[in-house]
Amino acid sequence: MTDLVRSADALWRAMTYIVVAQLHMDSNPLDARVDVSDVKAQASGHWGTVPGTAWALVHVGLAAGYRPDIEIIPIIGAGHAGPVQRALAWLTGDLANVNPRLGRDAAGLAALVASFPDGDGLGSEVHPALPAGAYMGGWLGGALAFAQGMALDSPNRVVVPIVGDGECETPTTAASWLAQMAIPGAQVVPVVHLNGRRMGGPSLLGSMSDEQASAYARGLGWEPVVAHVEAGSPSEHSAFHRVLVEGIDAALRGEHRVILLRCVKGWSGPIGAHKTPLTDLKGNPRERAQLRRWMSSYASHELFNKNAQPVGALASALDEIRFSAPRPGPPPAPVAASPEGRGFSTEVCRVLRAHAVAGDFKVFSPDELESNRLGNLVGEPWVHEALAEEVLLGWLAGWTASGRRGVLISYEAFAPLMLAGLVGHLKQRRLTDPTPPSINLLLTSYGWHNVYTHGDPALVTALLGIGDPAVHVFTPADANRTALALDDALRSVGQLNVVIAGKHPAPLHPRDTIDHERQHGLAVWDHLSDLGEPHLTIVCAGDIPATAVRDAVGCIRDRYGCRVRVVNVHDLAALAGPALHRYVGENASVLVATLGHPAAIWGLLRGRVPSLDVVGWREPPHPMRQDELAAHAGLDVAGMTRAAAALLTRSGR
Ligand SMILES: Cc1ncc(C[n+]2csc(CCOP(=O)(O)OP(=O)(O)O)c2C)c(N)n1
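Residues numbered from 1 in each chain as written. Predicted model: local features only at pLDDT ≥ 70, side-chain atom pairs only at ≥ 80, totals over all residues.

1. Remarks on the overall build of the protein
Applied cut-off: Runs of E in the DSSP output that reach at least two residues are strands. Runs of H or I that reach at least four are helices, and both are numbered from the N terminus. Put plainly, a residue is buried at 20 or more neighbouring C-beta atoms within 10 Å of its own, exposed at 12 or fewer, and partly exposed in between, counting only other residues' C-beta atoms, which are placed from the backbone. Contacts are defined on C-beta atoms placed from the backbone: any two residues whose C-beta positions lie within 7 Å are in contact.
Tallying secondary structure elements over the protein gives 22 helices and 16 strands in all. C-alpha atoms of the protein, sized along the principal axes, occupy 90 × 55 × 45 Å. Per-residue burial over the protein gives 56% buried out of 653 residues. When contacts within the protein are restricted to residue pairs at least 6 apart in sequence, long-range pairs at least 24 apart make up 76% of them.

Below is the structure:
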């Protein structure tokens, strides 16, 4: 056995053993007797992905240890591999840094095992605070795209995503293979965990022969290398190490190589189950005997002494591995250029170009730059287009997670495709320290031409419903404000910023409140407001609402003889804030005009103002013109006046 094989074998056995213990044991994890009092009443967690994911991780860690000149970063696609990551983090001692009760000694190992699946607050899935936690996943599909984003423009970095064969069926993963053509320089070496099964049955890719699976990869532009692992033998270890190292070298030369890790799901366990194969350990002595044999197959006595300290090959292997993750702070931002009132295209391009000049900046778009009047950006080296929103989101998330700035530009109508991914990245970032640059979306085209098929504000409704303070929805009233909102978003860290903007020529509004709006998220528009406490406060959010309110306010004031105040909302998050009443007044009825679903505003304001109504998106029952839709939604003078009358009547005026 070479030193490499000895290390890989010891690490794999140790990690797999510790996972089996987490899944099944409550106490005495190193006791070969597996007493009835030591087993869990209810085994929990997922076994199937463990041996293959541990295998891939061990080899990535060793390859990284042997190549200190480059960063080699693993990404785990299967969230269910959480206990593998825990085992690794316990072995490296990193788990103790996050939770001192889980230190690398006998007490720490016992606590790790007893606390699974709760994990003493860490949960049971992949965790961002631990090694190999750059990507938390949970929802399957985004790992490859995230790895590609992290690898972009990073000549000293190779990212190794470990992707399930079931995961390869997801649209996001399926599209990511082809999308690599748009970012050929991203150095990734995907390991497809071809273990034949997903959760409930055979996977489609796993059902293919080696030749078919290889042809699939080749057709998408990847050179496949199949690595067979049956029993974890020394020759399989050295063969896999060679394949991985060659794949990393190939990536550094600009080639795209994918490793197909062909194995049996849950190998080395009693059966190849996705979940835990033994389900009645307390009641069934035969299952306990099975577990005893299973655990002893890893020969833990060669790996640990009685105090659970790693010894022999395991101890030296732990000195050899390296798990790094890029966590640099955000790059310096450029000096902001003031908008000049020249319209969406000019103002937005000015901001984007300023950030591009500062460097470490990307624009991603699903073929929506030309149609969004930003066509002059196409062809810039910092602009990447591929018609796959979910993939682009993965790129942006991976890119920003490695300390760079960027924005995804698309249509609002099709942005809900990204919802599961956005929620996943929000969850990941909540647990990540230090906070990376924000995820930014610039979503256009609610301009409401071809509105029937191309209109849907559902993404914002769903994001606001989460109630995460990291979510900011900018609804700039005009192109100047759009440019500034985008610039602010690009400078921010730790946020999910969605800028909802019109691309069509539209009126500009006075600038005097812009700085206040940017700082506080909203401002009173004095030029449209009466002095004193208002009877009615009209809040506008977005450019079509701002113009509708501007046009309607005089008519409402004259017709109903009431004091009216107009508040412009620049960031919908401000409506959830404590300063709301300073802007809308203490006793006024509040009428909100929004581009989005009224339900989203009701969710923010219900019960917080004396009386409320919301005018906003109403799903068109059939194809209609832009002006017809505005009237259908009530976002015109007649509709606003009607809504104001009804609200004032209801509140007794
Ligand atoms: C988008 C999405 N759909 C469904 C699930 C539920 N799920 C969790 S694991 C799993 C099967 C995964 O199989 P595979 O990708 O082959 O990974 P393996 O367990 O074999 O490593 C499924 C369907 C999920 N997490 N995400």
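Past the structure itself, the notes keep going.
2. Focus: the domain arrangement of the protein
For the record, the criterion: Domain extents, as shown, originate in an automatic or database domain assignment. Amino acids outside the nonpolar list (Ala, Val, Leu, Ile, Met, Phe, Trp, Tyr, Cys, Pro) and the charged list (Asp, Glu, Lys, Arg) are all regarded as polar, and Gly is one of them.
When cut into domains, the protein gives domain 1 (3-320), domain 2 (344-500) and domain 3 (521-650). Centre-to-centre, using C-alpha coordinates, domain 1 lies 33 Å away from domain 2. At the junction of the two partners, domain 1 supplies 24 residues and domain 2 supplies 21 residues. Mapped by element, the contributors of at least two residues to the side of domain 1 that touches domain 2 are helix 6 (143-151) and helix 7 (171-179). Here the element with the most residues in the side of domain 1 that touches domain 2 is helix 6; it accounts for six residues. Of the residues in the side of domain 1 that touches domain 2, the class split is 15 nonpolar, nine polar and no charged.

3. Remarks on helix 2 (residues 50-66)
Put simply, the rule is: Multiplying 1.5 Å by the residue count of a helix minus one yields the expected span of that helix.
Between its first and last C-alpha atoms helix 2 spans 24 Å; for 17 residues at 1.5 Å apiece the expected length is 24 Å, and the two agree. By the criterion of burial, helix 2 is predominantly enclosed, with 15 of the 17 residues buried.

4. A closer look at the environment of Arg-405
Turning to its location among the elements, Arg-405 is positioned in strand 8 (residues 405-411). Its 28 C-beta neighbours within 10 Å are what place Arg-405 among the buried residues. Linking Arg-405 and Ala-110, residues 295 residues apart in sequence, is a C-alpha distance of 42 Å. Setting aside anything within four residues of it in sequence, one finds Arg-405 in contact with Pro-330, Pro-331, His-355, Asp-360, Phe-361, Thr-400, Pro-437 and Leu-490.

5. Comments concerning the site of the ligand
We count it as follows: Residues are counted as near a molecule or strand when the C-beta atom, derived from backbone positions, lies within 6 Å of that molecule or strand.
Close to the ligand lie 20 residues; Thr-49, Leu-140, Gly-164, Gly-166 and Arg-198 are nearest. A per-class count over the shell around the ligand returns four nonpolar, eleven polar and five charged.

6. Describing the sheet that holds strand 11 (residues 496-501)
Where we set the bar: Strand pairing is assigned whenever DSSP detects at least two bridges linking the two strands. Angular values range over 0 to 180 degrees, each being the angle between N-to-C directions of two axes fitted as lines to C-alpha atoms, with helices fitted over their stretch in contact.
In space, the six strands of this open sheet follow the order 7-6-8-9-11-10, with parallel pairing throughout. In this open sheet, the two edge strands, each paired with only one partner strand, are strand 7 (383-385) and strand 10 (471-474). In this sheet, adjacent strand axes meet at a mean angle of 20 degrees when their direction is disregarded. In this structure, strand 9 (residues 439-444) lies alongside strand 11, joined through six bridges in parallel fashion. Looking across to strand 11, one finds that Leu-441 is bridged to Val-498. Each of strand 6 (361-365), strand 8 and strand 11 touches helix 12 (residues 344-358); the most contacted strand, strand 6, lies at about 135 degrees to it. Set on the sheet, helix 15 (residues 458-466) makes contact with strand 10 and strand 11; between it and strand 10 the angle comes to about 140 degrees.

7. Here we look at helix 6
With respect to burial, helix 6 is a largely interior element, nine of its nine residues being buried. By the burial criterion, the buried members of helix 6 are Ala-143, Leu-144, Ala-145, Phe-146, Ala-147, Gln-148, Gly-149, Met-150 and Ala-151. Against strand 1 (71-76), strand 2 (157-164), helix 7 and helix 13 (389-401) lie the buried residues of helix 6. Downstream of helix 6 by a residue or two, Asp-153 has a phi angle that is positive, lying close to 50 degrees.

8. As for the sheet that holds strand 3 (residues 191-194)
Judged by pairing direction, the sheet is parallel, and its five strands sit side by side in the order 1-2-3-5-4 without closing on themselves. The sheet is open, and its two borders are formed by strand 1 and strand 4 (223-228), each paired with just one other strand. Put simply, the sheet's adjacent strands are angled 20 degrees from each other on average, direction ignored. As paired strands, strand 1 and strand 2 are joined by six bridges and run parallel to one another. What sits directly across from Ile-73, in strand 2, is Val-159. Along the sheet, helix 6 makes contact with strand 1 and strand 2, crossing strand 2 at roughly 180 degrees. Most of the contacts of helix 8 (residues 210-219) go to strand 4, to which it runs at about 150 degrees, and overall it touches strand 3, strand 4 and strand 5 (257-262).

9. So, unusual backbone geometry
In this chain, Phe-116 is followed by Pro-117 through a cis amide linkage whose omega measures 10 degrees. On the secondary structure map, Pro-117 appears in the loop between helix 5 (106-115) and helix 6. Here the residue pair Asp-433 and Pro-434 is connected by a cis peptide bond, since its omega of 0 degrees sits within 30 degrees of zero. Within the secondary structure, Pro-434 is located in the loop between helix 14 (419-430) and strand 9. The phi torsion at Asp-360 lies on the positive side, around 50 degrees, for a residue other than glycine.

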